[in-house]
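Here's the letter readout for the chains.
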Amino acid sequence: MSTLSLHVIDSHTEGEPTRVVISGGPDLGSGTIAERAVILREQHDWLRSAVCNEPRGHEAMVGALLCEPYEPDCCCGVIFFNNVSTLHMCIHGTIGLTVTLAHLGKIGPGIHRIDTPVGVVETELRPDGSVEVANVPSFRTAAAVKVNVPGWGEVCGDIAWGGNWFFLVGNQGPAIQPSNIEDLTSFACDIRNELEKQGITGDHGMEIDHIDLFGPPSDPTWADSRNFLLCPGKAYDRSPCGTGTSAKLACLHADGKLKPGEIWRQAGILDTIFCGRIEEIAEGKIIPYVSGRAWVNGESTYFFDSTDPFRYGIPLSI
Ligand code: PYC
(Lines give C-alpha, C1' and ligand atoms only; values in the text may rest on other atoms or scores of the structure.)
Protein backbone atom coordinates (compact mmCIF):
# COMPACT_ATOMS: atom_id res chain seq x y z
CA MET A 1 0.00 0.00 0.00
CA SER A 2 1.37 3.42 -0.98
CA THR A 3 1.69 6.09 1.68
CA LEU A 4 0.11 8.61 -0.70
CA SER A 5 -3.33 9.81 0.39
CA LEU A 6 -5.53 12.78 -0.54
CA HIS A 7 -8.03 14.50 1.73
CA VAL A 8 -10.95 16.00 -0.19
CA ILE A 9 -14.16 17.83 0.70
CA ASP A 10 -17.15 17.76 -1.65
CA SER A 11 -19.82 20.38 -2.18
CA HIS A 12 -22.22 21.40 -4.89
CA THR A 13 -23.03 24.88 -6.08
CA GLU A 14 -26.56 25.15 -7.44
CA GLY A 15 -26.20 21.51 -8.58
CA GLU A 16 -22.63 21.55 -9.96
CA PRO A 17 -20.07 19.59 -7.87
CA THR A 18 -16.75 20.87 -6.53
CA ARG A 19 -14.18 18.58 -4.91
CA VAL A 20 -11.57 20.55 -2.98
CA VAL A 21 -8.23 18.80 -2.41
CA ILE A 22 -7.30 19.97 1.08
CA SER A 23 -4.05 18.05 1.51
CA GLY A 24 -1.87 15.37 -0.02
CA GLY A 25 -1.32 17.09 -3.39
CA PRO A 26 2.09 17.36 -5.12
CA ASP A 27 4.65 20.10 -4.45
CA LEU A 28 4.16 22.64 -7.27
CA GLY A 29 6.84 25.07 -6.08
CA SER A 30 6.36 28.67 -5.06
CA GLY A 31 5.70 30.41 -8.40
CA THR A 32 2.54 32.23 -9.39
CA ILE A 33 -0.66 30.22 -9.40
CA ALA A 34 -0.62 30.35 -13.22
CA GLU A 35 2.89 28.82 -13.21
CA ARG A 36 1.84 26.17 -10.71
CA ALA A 37 -1.22 25.30 -12.87
CA VAL A 38 1.15 24.54 -15.77
CA ILE A 39 3.28 22.28 -13.51
CA LEU A 40 0.14 20.50 -12.31
CA ARG A 41 -1.07 19.97 -15.89
CA GLU A 42 2.28 18.89 -17.35
CA GLN A 43 3.85 16.92 -14.50
CA HIS A 44 1.10 15.75 -12.11
CA ASP A 45 -1.95 15.05 -14.24
CA TRP A 46 -2.57 11.93 -12.11
CA LEU A 47 -4.10 14.18 -9.44
CA ARG A 48 -6.75 15.57 -11.83
CA SER A 49 -7.57 12.09 -13.12
CA ALA A 50 -7.68 10.52 -9.63
CA VAL A 51 -10.07 13.20 -8.38
CA CYS A 52 -12.36 13.77 -11.40
CA ASN A 53 -12.40 10.54 -13.39
CA GLU A 54 -14.21 7.35 -12.43
CA PRO A 55 -14.18 5.38 -10.16
CA ARG A 56 -14.03 8.29 -7.64
CA GLY A 57 -15.35 11.01 -9.93
CA HIS A 58 -17.70 11.41 -12.86
CA GLU A 59 -17.89 13.58 -15.96
CA ALA A 60 -19.38 16.63 -14.21
CA MET A 61 -16.85 16.70 -11.35
CA VAL A 62 -14.73 19.84 -10.98
CA GLY A 63 -11.67 19.61 -8.76
CA ALA A 64 -10.01 22.46 -6.88
CA LEU A 65 -6.47 22.11 -5.55
CA LEU A 66 -6.04 24.34 -2.53
CA CYS A 67 -2.59 26.04 -2.57
CA GLU A 68 -0.61 28.58 -0.65
CA PRO A 69 -1.26 31.94 -2.36
CA TYR A 70 1.45 33.75 -4.33
CA GLU A 71 -0.19 37.14 -3.75
CA PRO A 72 0.42 38.01 -0.09
CA ASP A 73 -3.03 39.53 0.60
CA CYS A 74 -4.94 36.35 -0.37
CA CYS A 75 -6.30 33.76 2.05
CA CYS A 76 -5.41 30.95 -0.37
CA GLY A 77 -4.66 30.02 -3.95
CA VAL A 78 -6.63 27.55 -6.05
CA ILE A 79 -6.20 25.62 -9.31
CA PHE A 80 -9.41 24.26 -10.85
CA PHE A 81 -9.59 21.25 -13.16
CA ASN A 82 -12.17 18.89 -14.64
CA ASN A 83 -12.28 15.50 -16.32
CA VAL A 84 -10.18 16.69 -19.28
CA SER A 85 -7.75 19.42 -18.13
CA THR A 86 -7.07 22.37 -15.85
CA LEU A 87 -9.54 25.29 -16.05
CA HIS A 88 -8.45 28.92 -16.16
CA MET A 89 -11.08 29.90 -13.59
CA CYS A 90 -14.31 28.58 -12.14
CA ILE A 91 -16.92 30.56 -10.22
CA HIS A 92 -19.19 27.77 -9.09
CA GLY A 93 -15.94 26.19 -7.80
CA THR A 94 -14.96 29.41 -6.00
CA ILE A 95 -18.39 29.46 -4.31
CA GLY A 96 -17.88 25.79 -3.37
CA LEU A 97 -14.36 26.54 -2.10
CA THR A 98 -15.70 29.42 0.00
CA VAL A 99 -18.27 27.27 1.84
CA THR A 100 -15.63 24.54 2.22
CA LEU A 101 -13.16 26.95 3.85
CA ALA A 102 -15.98 28.13 6.15
CA HIS A 103 -16.86 24.50 6.97
CA LEU A 104 -13.20 23.97 7.96
CA GLY A 105 -13.29 27.10 10.16
CA LYS A 106 -10.61 28.79 8.03
CA ILE A 107 -12.79 31.80 7.08
CA GLY A 108 -15.92 33.47 8.41
CA PRO A 109 -18.49 35.80 6.87
CA GLY A 110 -16.93 38.72 4.99
CA ILE A 111 -14.77 39.37 1.94
CA HIS A 112 -11.75 37.14 1.18
CA ARG A 113 -9.24 37.34 -1.65
CA ILE A 114 -8.34 34.18 -3.59
CA ASP A 115 -5.38 33.78 -5.94
CA THR A 116 -6.23 31.98 -9.21
CA PRO A 117 -4.36 31.29 -12.48
CA VAL A 118 -6.09 34.28 -14.13
CA GLY A 119 -5.79 36.78 -11.28
CA VAL A 120 -7.09 37.54 -7.82
CA VAL A 121 -10.85 37.26 -7.24
CA GLU A 122 -12.81 38.33 -4.18
CA THR A 123 -15.37 36.09 -2.56
CA GLU A 124 -17.90 37.32 -0.04
CA LEU A 125 -19.44 34.83 2.36
CA ARG A 126 -22.69 36.51 3.35
CA PRO A 127 -24.41 36.08 6.71
CA ASP A 128 -27.22 34.06 5.03
CA GLY A 129 -24.63 31.53 3.72
CA SER A 130 -24.83 32.65 0.07
CA VAL A 131 -21.61 33.69 -1.67
CA GLU A 132 -20.85 36.48 -4.14
CA VAL A 133 -17.69 36.36 -6.26
CA ALA A 134 -16.14 39.48 -7.80
CA ASN A 135 -14.55 37.96 -10.87
CA VAL A 136 -11.59 39.04 -13.02
CA PRO A 137 -12.24 41.81 -15.61
CA SER A 138 -14.50 40.47 -18.34
CA PHE A 139 -15.17 41.67 -21.89
CA ARG A 140 -16.59 40.80 -25.30
CA THR A 141 -14.12 40.53 -28.17
CA ALA A 142 -16.51 39.86 -31.08
CA ALA A 143 -20.27 40.17 -31.65
CA ALA A 144 -22.56 38.25 -34.01
CA VAL A 145 -19.87 35.90 -35.37
CA LYS A 146 -21.46 33.62 -37.98
CA VAL A 147 -20.38 29.99 -38.16
CA ASN A 148 -21.77 27.42 -40.55
CA VAL A 149 -22.22 24.27 -38.45
CA PRO A 150 -22.78 21.10 -40.52
CA GLY A 151 -26.14 19.57 -39.76
CA TRP A 152 -27.38 22.69 -37.96
CA GLY A 153 -26.86 25.54 -40.45
CA GLU A 154 -25.61 29.03 -39.73
CA VAL A 155 -25.16 29.78 -36.02
CA CYS A 156 -24.50 33.30 -34.77
CA GLY A 157 -22.77 34.01 -31.47
CA ASP A 158 -20.59 36.37 -29.44
CA ILE A 159 -17.06 35.67 -28.18
CA ALA A 160 -16.34 36.83 -24.64
CA TRP A 161 -13.92 36.31 -21.75
CA GLY A 162 -15.34 35.76 -18.26
CA GLY A 163 -12.31 33.98 -16.77
CA ASN A 164 -12.66 31.31 -19.51
CA TRP A 165 -13.38 31.80 -23.22
CA PHE A 166 -17.01 31.48 -24.28
CA PHE A 167 -19.06 31.39 -27.48
CA LEU A 168 -22.50 32.65 -26.49
CA VAL A 169 -25.47 31.71 -28.66
CA GLY A 170 -29.01 32.99 -28.12
CA ASN A 171 -32.29 31.36 -29.21
CA GLN A 172 -30.85 28.92 -31.77
CA GLY A 173 -30.86 25.11 -31.79
CA PRO A 174 -32.85 22.85 -29.46
CA ALA A 175 -35.01 24.44 -26.74
CA ILE A 176 -33.14 24.83 -23.44
CA GLN A 177 -34.84 22.16 -21.34
CA PRO A 178 -33.60 18.99 -19.57
CA SER A 179 -35.38 16.65 -22.01
CA ASN A 180 -33.10 18.06 -24.75
CA ILE A 181 -29.76 17.57 -22.94
CA GLU A 182 -28.48 15.03 -25.50
CA ASP A 183 -29.37 17.25 -28.46
CA LEU A 184 -28.04 20.37 -26.73
CA THR A 185 -24.76 18.53 -26.07
CA SER A 186 -24.48 17.54 -29.77
CA PHE A 187 -25.34 21.07 -30.93
CA ALA A 188 -22.78 22.67 -28.58
CA CYS A 189 -20.06 20.09 -29.41
CA ASP A 190 -20.61 20.66 -33.14
CA ILE A 191 -20.32 24.43 -32.68
CA ARG A 192 -17.09 24.03 -30.69
CA ASN A 193 -15.59 21.67 -33.29
CA GLU A 194 -16.45 24.11 -36.05
CA LEU A 195 -14.89 27.06 -34.17
CA GLU A 196 -11.70 25.04 -33.82
CA LYS A 197 -11.75 23.94 -37.47
CA GLN A 198 -12.20 27.52 -38.65
CA GLY A 199 -9.49 28.87 -36.31
CA ILE A 200 -11.95 31.07 -34.39
CA THR A 201 -10.41 31.71 -30.98
CA GLY A 202 -10.27 34.06 -28.04
CA ASP A 203 -7.42 36.56 -27.66
CA HIS A 204 -3.86 35.29 -28.31
CA GLY A 205 -5.24 32.22 -30.12
CA MET A 206 -6.71 30.83 -26.92
CA GLU A 207 -9.18 28.01 -27.48
CA ILE A 208 -12.90 28.75 -27.01
CA ASP A 209 -13.61 25.68 -24.90
CA HIS A 210 -16.96 26.67 -23.33
CA ILE A 211 -20.18 26.98 -25.38
CA ASP A 212 -23.06 28.80 -23.70
CA LEU A 213 -26.55 28.45 -25.20
CA PHE A 214 -29.30 30.79 -24.00
CA GLY A 215 -33.08 30.72 -24.25
CA PRO A 216 -36.07 32.16 -22.45
CA PRO A 217 -36.50 31.37 -18.74
CA SER A 218 -39.08 28.77 -17.73
CA ASP A 219 -40.60 31.43 -15.46
CA PRO A 220 -39.83 35.10 -16.21
CA THR A 221 -40.90 36.16 -12.71
CA TRP A 222 -37.73 34.69 -11.18
CA ALA A 223 -35.16 34.46 -14.02
CA ASP A 224 -34.19 36.54 -17.04
CA SER A 225 -32.83 33.65 -19.11
CA ARG A 226 -32.07 29.92 -18.97
CA ASN A 227 -28.83 28.44 -20.31
CA PHE A 228 -27.12 25.21 -21.27
CA LEU A 229 -23.36 25.28 -20.82
CA LEU A 230 -20.98 22.81 -22.44
CA CYS A 231 -17.78 22.52 -20.38
CA PRO A 232 -14.40 21.49 -21.86
CA GLY A 233 -14.98 17.79 -22.59
CA LYS A 234 -18.58 16.70 -23.06
CA ALA A 235 -20.14 17.41 -19.68
CA TYR A 236 -22.71 20.14 -19.21
CA ASP A 237 -22.68 22.46 -16.24
CA ARG A 238 -25.41 21.59 -13.75
CA SER A 239 -25.26 25.19 -12.46
CA PRO A 240 -25.76 28.31 -14.64
CA CYS A 241 -21.90 28.59 -14.84
CA GLY A 242 -20.39 31.63 -13.15
CA THR A 243 -17.67 32.43 -15.67
CA GLY A 244 -20.32 31.99 -18.40
CA THR A 245 -22.62 34.36 -16.54
CA SER A 246 -19.68 36.80 -16.36
CA ALA A 247 -19.21 36.57 -20.14
CA LYS A 248 -22.98 37.05 -20.60
CA LEU A 249 -22.90 40.16 -18.37
CA ALA A 250 -20.05 41.56 -20.50
CA CYS A 251 -22.13 41.02 -23.67
CA LEU A 252 -25.28 42.54 -22.14
CA HIS A 253 -23.24 45.55 -21.03
CA ALA A 254 -21.62 45.90 -24.46
CA ASP A 255 -25.12 45.87 -26.03
CA GLY A 256 -26.32 48.59 -23.62
CA LYS A 257 -28.75 46.11 -22.00
CA LEU A 258 -27.25 46.02 -18.49
CA LYS A 259 -26.12 48.96 -16.38
CA PRO A 260 -24.36 49.08 -13.01
CA GLY A 261 -26.98 48.59 -10.29
CA GLU A 262 -29.15 46.27 -12.39
CA ILE A 263 -29.42 42.53 -11.64
CA TRP A 264 -29.34 39.71 -14.20
CA ARG A 265 -30.86 36.42 -12.97
CA GLN A 266 -29.34 33.56 -14.93
CA ALA A 267 -31.06 30.18 -14.60
CA GLY A 268 -29.21 27.02 -15.55
CA ILE A 269 -30.54 23.83 -17.08
CA LEU A 270 -31.71 22.63 -13.60
CA ASP A 271 -33.44 26.00 -13.11
CA THR A 272 -31.11 27.00 -10.28
CA ILE A 273 -30.02 30.64 -10.33
CA PHE A 274 -26.88 32.77 -10.29
CA CYS A 275 -27.49 36.50 -9.81
CA GLY A 276 -25.15 38.84 -11.67
CA ARG A 277 -24.36 42.52 -11.50
CA ILE A 278 -21.54 44.62 -12.92
CA GLU A 279 -19.11 47.40 -12.18
CA GLU A 280 -17.73 49.33 -15.18
CA ILE A 281 -13.94 49.62 -15.02
CA ALA A 282 -12.88 50.78 -18.49
CA GLU A 283 -14.31 51.16 -21.98
CA GLY A 284 -15.75 47.72 -22.78
CA LYS A 285 -14.54 46.08 -19.56
CA ILE A 286 -16.52 45.15 -16.47
CA ILE A 287 -16.02 43.44 -13.15
CA PRO A 288 -18.80 40.84 -12.90
CA TYR A 289 -20.26 39.99 -9.49
CA VAL A 290 -21.90 36.55 -9.46
CA SER A 291 -23.74 35.09 -6.48
CA GLY A 292 -25.20 31.70 -5.63
CA ARG A 293 -25.38 29.04 -2.94
CA ALA A 294 -23.33 25.94 -2.20
CA TRP A 295 -23.58 23.09 0.28
CA VAL A 296 -20.80 20.88 1.68
CA ASN A 297 -22.01 17.30 1.25
CA GLY A 298 -19.10 14.95 1.86
CA GLU A 299 -15.53 14.36 2.96
CA SER A 300 -13.14 11.56 1.96
CA THR A 301 -9.61 10.26 2.20
CA TYR A 302 -8.35 8.64 -0.99
CA PHE A 303 -5.93 5.72 -0.91
CA PHE A 304 -3.59 4.68 -3.73
CA ASP A 305 -3.06 0.91 -3.52
CA SER A 306 -0.27 -0.03 -5.95
CA THR A 307 -2.24 -3.17 -6.98
CA ASP A 308 -5.25 -1.05 -8.04
CA PRO A 309 -4.98 -0.43 -11.81
CA PHE A 310 -7.40 2.52 -11.50
CA ARG A 311 -5.91 4.23 -8.45
CA TYR A 312 -5.26 7.30 -10.63
CA GLY A 313 -8.68 7.13 -12.31
CA ILE A 314 -9.88 5.49 -15.49
CA PRO A 315 -8.37 7.45 -18.40
CA LEU A 316 -11.00 8.94 -20.72
CA SER A 317 -9.11 7.50 -23.70
CA ILE A 318 -10.11 3.91 -22.79
O1 PYC B 1 -18.98 28.26 -12.72
O2 PYC B 1 -17.37 29.23 -13.82
C3 PYC B 1 -18.05 28.24 -13.55
C4 PYC B 1 -17.74 26.97 -14.23
C5 PYC B 1 -16.80 26.76 -15.22
C6 PYC B 1 -16.85 25.40 -15.54
C7 PYC B 1 -17.80 24.82 -14.75
N8 PYC B 1 -18.33 25.80 -13.95
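Read on for an overview of the structure.

Analysis parameters
- Residues numbered from 1 in each chain as written.
- Predicted model: local features only at pLDDT ≥ 70, side-chain atom pairs only at ≥ 80, totals over all residues.
- Heavy atoms only, no water.
- Core = buried A, V, L, I, M, F, W, Y, C linked by side-chain atoms within 4.5 Å.
- Buried < 20%, exposed > 50% of the residue type's maximum accessible area, 1.4 Å probe, protein only.
- Helix = DSSP H or I, 4+ residues; strand = E, 2+ residues; numbered from the N terminus.
- Contact = heavy atoms within 4.5 Å.
- Near = heavy atom within 4 Å.
- Polar contact = N/O pair within 3.5 Å; in protein donor to acceptor, adjacent residues only side chain to side chain.
- Nonpolar A, V, L, I, M, F, W, Y, C, P; charged D, E, K, R; others polar.
- Expected span 1.5 Å × (residues − 1).
- Salt bridge = Lys/Arg side-chain N within 4 Å of Asp/Glu carboxyl O.

Right, let's talk about the nonpolar core for a bit. Of all hydrophobic cores here, the largest spans 53 residues; its most connected members are Phe 167, Ile 191, Leu 213 and Phe 228. Looking at this core, the element that brings in the most residues is helix α4 (residues 181–197), giving seven residues. Apart from residues no more than four positions distant in its own chain, Phe 228 is found in contact with Ile 176, Ile 181, Leu 184, Thr 185, Ala 188, Ile 211, Asp 212, Leu 213, Tyr 236 and Ile 269. Judged by nonpolar contacts, the second largest core, of 18 residues, contains Val 21, Leu 40, Leu 47 and Cys 67.

Okay, the site of the ligand next. All residues adjacent to the ligand are Cys 90, Ile 91, His 92, His 210, Asp 237, Cys 241, Gly 242 and Thr 243. Here Ile 91 contributes a backbone N or O atom positioned 2.8 Å from an oxygen atom of the ligand. Between Thr 243 and the ligand, the recorded distance is 2.8 Å, taken from a side-chain N or O atom to an oxygen atom. Put simply, the parts of the chain that give the shell around the ligand at least two residues each are α3 (91–103) and α5 (242–254). For the shell around the ligand, the residue count by class is three nonpolar, four polar and one charged.

So, about unusual backbone geometry. Across residues other than glycine, the phi torsion is negative in most instances, and most of the peptide bonds are trans. In this structure, the amide linkage connecting Glu 54 to the following residue, Pro 55, adopts the cis form with an omega of 10 degrees. Within the secondary structure, Pro 55 sits in the loop between α2 (45–52) and β3 (62–67). With a phi angle near 50 degrees, Glu 14 is a residue other than glycine that sits in the positive phi range. Inspection of the secondary structure assignment puts Glu 14 in the loop between β1 (5–13) and β2 (16–23).

Okay, α4 next. Note: α-helices contain 3.6 residues per turn, so residues at a spacing of three or four share the same orientation. For α4, with 17 residues, the first-to-last C-alpha span of 24 Å sits near the 24 Å given by 1.5 Å per residue. Along α4, the positions that sit buried rather than exposed are Ile 181, Leu 184, Thr 185, Phe 187, Ala 188, Cys 189, Ile 191, Arg 192, Glu 194 and Leu 195. Phi turns positive one or two residues past the end of α4, at Gly 199, with a value near 65 degrees.

Where charged atoms of side chains with opposite charge meet at close range, the side chains can pair. With the rule as written, the count across this model stands at 13 salt bridges. One salt bridge in this structure joins Glu 132 and Arg 126, with 3.5 Å as the shortest N-O distance. The partner of Asp 255 in a salt bridge is Arg 140, with the nearest N and O atoms 3.0 Å apart. Of this pair, Asp 255 sits in the loop between α5 and β14 (264–267) while Arg 140 sits in strand β9 (residues 139–149), and the two are 115 residues apart along the sequence. Looking at Arg 140, the relative accessible area reads 21%, which means it is partly exposed. Connected through salt bridges with shared partners, the residues Asp 73, Arg 113 and Glu 122 form a single ionic network.

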